[in-house]
Amino acid sequence: MGSSRRHDGGSDDAGRPHGHAGEGRGDRMRRVGRREVIAAAGAWMGAAGLAASGLLRPAAAAPGGGGTLVYGLGFDLDDTMDPQVTDFDSTIRVTLNVCEPLLWEPTPGHFVPALAESWEVSPDAKVYTFRLRKGVRFHDGTPFGAEAVKFTMDRVVAPETKAGQSHDQLGPYDHTEIVDDSTVKIVMKDGYAPLLTNLNGYLGIVSPAAVKKMGLADFARHPVGTGPFMVKEWVAKDHITLVRNPGYNWGSSLFKHQGPAYLDQVVFKIIPEGSVRAGTLKSGETQYIDDLDPLEYAGLKNDPRYAVIERGQPGSGFVLLLNVTSKGPIGTLAVRRAIAFAVDREGLNTSVFHGLNKVAWSPLMRPTFGYDPSTERIYSFDPARAKQTLDEAGWKVGGDGIRERGGQKLVVDFPIIGRPRDKAMAESVQASLRDVGIDLKVTPLERGAFRALVRQNRYDVNFMWFSYGDPDVLRTIFHSANVEAFNRGRYQVPEVDKMLEEAAATTNLNRRAALYSRIQQRVLRDAVVVPLVDTITYNAKRAEVQGDMIDALASYVWLYDVQVKK
């Protein structure tokens, strides 16, 4: 079932580990944004864990607050807690409580104040003016203001930062202009409608003084923001401990109380194995876990001692990106289309996700603005059609059941990160393709080896996944500028590039929807993508945990209002 992170900025290793964390930097297109709703073309405004080891046992909550929440984090951080450097959503699940953004987005297209009290957008979507909250201080005691916003945005594009997802989030950024201490203008080179939805944790505001004093390496271990929690410690591959910021008194109107957080501390315990994570919830070693093991769903759902949080995600679900530049058989349109007909998506959803996700036919997930329902009629699970397509292309079944043509076997290379879920999905696809005579070679690798193959363009197929609400996610995975990043299909079509650019630059919703419909149709007919499943977030908590909220992406859990009540 879907968790709410990215898988390698896309899908090789990462953020979800499923919108994978990225490798490419430089001029690549931004990753994507959540669904944004722009009402008009004119300016708009918006007002076996620690307990078992003896290191920690959750403290009982004091009346009205206090205590410790132990959060079972389903995937590790990517060696940094710097929000501008990280590529992983797992990191942002931690740092969003430390480094606050300018805006919060509780539901797709609905924005509420965070560090910005109000905002205006120019009619051409190039100039974003933010009026900032006053009286805010960073954890190091330095004041928050316009200079900190400018510093944060500028460091995203500074080469020495080596920015991760934040670089994609910021899009065609030009500069930030300080109007006065509490007013800034973020200026884009081109019209950029998705910016508001991208002002999430990757663009969380950091303390300029702390970055300059600590340096990038030390700041990555101990980021300093304005949030309700502060970093106490990070024990690599084990846990991160946050403690309450006693001076916090500028909570958003989104939340239910003012003043410091209720919890004394939050421990994010890294527990990659889903069954183990669920076990810690049932034993009381954790009180909240993400990415619920599908096998545990029914039991926890029907037990009043627990609550299961379910939320459909926007963005691009689990898909296969097919490398159109491959010198092997997959470089031909007929083979790629045969694959699209051959994959048993329902079988994959059942065998890997216990039917808890939703079969996909578009590279956009259904909750995303611009999703085109007609894409559901382009392909179907039709092995007979796949076989016919391959027959017509001259691929004949050999004695071993694998097709061949001109002495060449129909072999497709599929390197993956060696995670259990990725392996299970790949093997499901492998079985489907074997049934029509395609030999899908699945090779589980360590992350470094996998990335090396991707950089060298030595692969035929890649997983991808992005939890993002704006359809501009399609630009991230199909624009030619991204072939060294998340465009793992290495798809370069000028007509599609032009449509992607126009859709990102207009605030006209009807025009955007029409363009994204055409884009979805085109990439499917070019068979550069094979959608597998739309993901649904399933988190779980003990019933005594109250006040948690999950964001528009169904990815990040806000802990400021959380209490653990007995």
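A short tour of the structure in this document, coming up. (Residues numbered from 1 in each chain as written. Predicted model: local features only at pLDDT ≥ 70, side-chain atom pairs only at ≥ 80, totals over all residues. Heavy atoms only, no water.)

**A closer look at the overall build of the chain**
Convention followed: Per the convention used, a helix needs a DSSP run of H or I reaching at least four residues, while a strand needs a run of E reaching at least two, with both numbered from the N terminus. Partly exposed describes any residue whose relative accessible area lies between the buried limit of under 20% and the exposed limit of over 50%, with all areas from a 1.4 Å probe on protein chains only and scaled to the type maximum.
Broken down by element type, the chain carries 16 helices and 26 strands. Here the chain holds 566 residues, and the buried ones make up 64% of them.

**A word on the pairing of strand β18 (residues 411-417)**
Applied cut-off: Following DSSP output, two strands are said to pair if at least two bridges run between them. Handedness rule for crossovers: strands pointing away from the viewer, path from the first strand over the helix to the second running clockwise, crossover right-handed.
Most of β18 is tucked away: five of the seven residues are buried. Pairing between β18 and strand β19 (residues 439-445): seven bridges, direction parallel. Each bridged residue has a counterpart across the sheet, and for Val412 the counterpart in β19 is Leu440. Considered for its hand, the β-α-β crossover made up of β18, helix α12 (residues 420-434) and β19 is right-handed.

**Focus: the sheet that holds strand β14 (residues 358-359)**
Read across the sheet, four strands follow the order β14-β21-β13-β20 without closing on themselves; strand pairing throughout is antiparallel. Among the strands making up the open sheet, the edge pair consists of β14 and β20 (461-467). One ladder, built from six bridges, connects strand β13 (residues 315-322) with β20; its direction is antiparallel. If you follow Leu322 over to β20, its bridge partner there is Val461.

**Some thoughts on the packing of helix α3 (residues 146-157) against helix α6 (residues 208-221)**
Operational definition: Throughout, an axis means a line fitted to C-alpha atoms (over the contacting stretch in the case of helices), and angles, computed between N-to-C directions, take values from 0 to 180 degrees. Note on angle classes: values under 35 degrees are labelled roughly parallel, values over 145 roughly antiparallel, values of 65 to 115 roughly perpendicular, and the remainder oblique. Note on contacts: a residue pair qualifies if any of its non-hydrogen atoms lie within 4.5 Å across the two residues. When residues are grouped by polarity, Ala, Val, Leu, Ile, Met, Phe, Trp, Tyr, Cys and Pro land in nonpolar, Asp, Glu, Lys and Arg in charged, and all others, Gly among them, in polar.
At a minimum axis distance of 9 Å, the contact between α3 and α6 shows a crossing angle of 40°. Here α3 is positioned oblique relative to α6, judged by the angle of their axes. Contact with α3, carried on its side by Ala148, Phe151 and Arg155, involves Pro208, Val211, Lys212 and Leu216 of α6 and no other residues of that element. Residue classes in the contact of α3 with α6 are distributed as five nonpolar, no polar and two charged.

**What about the nonpolar core?**
Rules: What we call a nonpolar core is a set of buried Ala, Val, Leu, Ile, Met, Phe, Trp, Tyr and Cys residues that are connected through their side-chain atoms within 4.5 Å.
By size, the foremost hydrophobic cluster in this structure holds 77 residues, and its most contacted members are Leu102, Phe130 and Met153. The biggest single contributor to this core is α3, with six residues. Discounting residues that sit within four places of it in the chain, Met153 has contacts with Leu102, Leu170, Tyr173, Thr176, Ile186, Leu199, Leu203 and Ile205. Counting 66 residues, the second-largest nonpolar core is a separate cluster that includes Phe353, Leu440, Val496 and Ile519.

**So, the sheet that holds strand β15 (residues 396-397)**
In space, the three strands of this open sheet follow the order β15-β16-β17, with antiparallel pairing throughout. Pairing within the sheet leaves two strands with one partner each, and these edge strands are β15 and β17 (408-409).

**Quick notes on the pairing of strand β4 (residues 116-121)**
Walk down a regular strand and you will see the side chains alternate between the two sheet faces. Pairing between β4 and strand β5 (residues 127-132): five bridges, direction antiparallel. Residue pairing in the sheet places Ala116 in a bridge with Leu132 of β5. Counting the residues between successive antiparallel strands, the hairpin from β4 to β5 contains five residues, one of them, Ala125, with a positive phi of roughly 60°.

**Quick word on the packing of aromatic side chains**
What counts, and what does not: Aromatic rings from Phe, Tyr and Trp, with only the six-membered ring used for Trp, were paired whenever their centres fell within 6.5 Å, and each pair was classed as stacked if the ring planes differed by under 30 degrees, edge-to-face if by over 60, and tilted otherwise. Geometrically, a lysine NZ or arginine CZ counts as sitting over a ring once it is within 6 Å of the ring centre and also within 35 degrees of the ring normal.
Enumeration over the complete set of coordinates arrives at 17 aromatic pairs. With a centroid separation of 5.2 Å and 65° between ring planes, the pair formed by Tyr248 and Tyr560 is classed as edge-to-face. Highlighted residues: Tyr248 in the loop between β9 (239-244) and β10 (265-270) and Tyr560 in the loop between β25 (557-558) and β26 (563-564), separated in sequence by 312 residues. An identical accessibility class is assigned to Tyr248 and Tyr560; each is buried. Judged by centre distance (6.2 Å) and plane angle (80°), the ring pair of Phe478 and Tyr491 falls under edge-to-face. You can see Phe478 sitting in helix α14 (residues 473-478) and its partner Tyr491 sitting in the loop between α14 and α15 (494-505), a full 13 residues away along the chain. The buried category is assigned to Phe478, whose relative accessible area is 0%. Put simply, the rings of Trp104, Tyr248, Trp250, Phe255, Trp558 and Tyr560 touch in pairs and so form one group of aromatic residues. A cation over a ring is seen here: Arg221 above Trp234, with NZ or CZ 3.8 Å from the ring centre.

**Some remarks on the pattern of salt bridges**
Cut-off, in case you're wondering: When a carboxyl oxygen of Asp or Glu is within 4 Å of a side-chain nitrogen of Lys or Arg, the pair counts as a salt bridge.
For the structure on display, the rule yields 26 salt bridges. In this structure, the salt-bridge partner of Glu404 is Lys409, at a minimum N-O distance of 3.2 Å. With its nearest N and O atoms 3.1 Å apart, the salt bridge here joins Lys441 to Asp439. Among the residues examined, Lys441 registers a relative accessible area of 39% and is labelled partly exposed. Among the ionic contacts, a cluster of salt bridges with common partners joins Arg366, Glu376 and Asp534.

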